Amino acid sequence: MRRQLEGGFDLDDDPARIDVDAVHRFLSEESYWARQRSRETNERLVREAARVVGLYRGERQIGFARAVTDGVTIAYLADVYVLEEFRGRGLGAELVREMIDRGPFAAQTWYLRTDDPDFYRRLGFGPPSQQLLERPPR
């Protein structure tokens, strides 16, 4: 899939096009959730993801999202970002919609962890049910 957006931006789910250096740079230097990850870990997460979607302006990757799934009922949205200089244009919402609504896992229940719940509520996410529990790593 490759989809053109207004303003010279495009979305692409070709894993070969993902700039792993750019992903690692953002995650290790600018994210609040993945600063501790090594480049090797980020590379593996990209390579083994069920789906990756990059956001591009020309050949420059300016955003990213990845999905983990069992392929049947659940999917997890992870490592979503848009570079700060490109925020506020609706590109993050398009990136997430492409991943969850237009991809092969659209019929699954999606989960995520975030410190920005208001953004994701606008995209249909809400609080989990009482039955959802979490066990953090030890």
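Summarised in this report is the structure supplied together with it.

Here is what the cut-offs are and how they apply
Residues numbered from 1 in each chain as written. Predicted model: local features only at pLDDT ≥ 70, side-chain atom pairs only at ≥ 80, totals over all residues. Heavy atoms only, no water. Phe/Tyr/Trp six-rings, centres within 6.5 Å; stacked < 30°, edge-to-face > 60°. Buried < 20%, exposed > 50% of the residue type's maximum accessible area, 1.4 Å probe, protein only. Helix = DSSP H or I, 4+ residues; strand = E, 2+ residues; numbered from the N terminus. Polar contact = N/O pair within 3.5 Å; in protein donor to acceptor, adjacent residues only side chain to side chain. Salt bridge = Lys/Arg side-chain N within 4 Å of Asp/Glu carboxyl O.

### Quick word on the packing of aromatic side chains
On inspection of all chains with the given rule, the structure shows 7 aromatic pairs. Residues Y32 and W33 carry aromatic rings whose centres are separated by 4.9 Å and whose planes lie at 80° to one another, so their mutual orientation is edge-to-face. Aromatic pair F119 and Y120: ring centres 4.8 Å apart, planes at 90°, arrangement edge-to-face. Judged by relative accessible area, which is 18%, F119 ranks as buried. Judged by its relative accessible area of 9%, Y120 is buried. Put simply, the rings of F26, Y32, W33, F64 and Y81 pair up and form one aromatic cluster.

### Here's the deal with helix 1 (residues 20-29)
Of all the 10 residues making up helix 1, 7 are buried; the element is thus mostly covered by neighbouring parts of the structure. Turning to helix 1, its buried residues number three or more, namely V20, A22, V23, H24, F26, L27 and S28. Regarding helix 1, its N-cap is D19, as a side-chain oxygen of that residue lies 3.1 Å from the backbone nitrogen of D21 further along.

### Some words on the pattern of salt bridges
For the coordinates displayed, the defined rule picks out 17 salt bridges. Between R97 and E94 there is a salt bridge, with its nearest N and O atoms 3.5 Å apart. A residue pair is termed a helical-turn pair when its members lie 3 or 4 positions apart in one helix, as R97 and E94 do in helix 3 (residues 91-100) at 3 residues. Linking E134 and R113 is a salt bridge whose minimum nitrogen-to-oxygen distance equals 3.4 Å. With a gap of 21 residues between them, E134 in the segment after helix 4 (117-121) and R113 in the loop between strand 6 (109-111) and helix 4 connect regions that are remote in the sequence. Of the two residues, E134 and R113, neither departs from the other in class, the shared state being exposed. Overlapping salt bridges, with partners in common, bring together R3, D13, R51, E94, R97, E98 and R102 in one network.

### Examining helix 3
Taken across its 10 residues, helix 3 has 9 buried, putting it largely inside the fold. Of the residues making up helix 3, those classed as buried are L91, G92, A93, E94, L95, V96, E98, M99 and I100.

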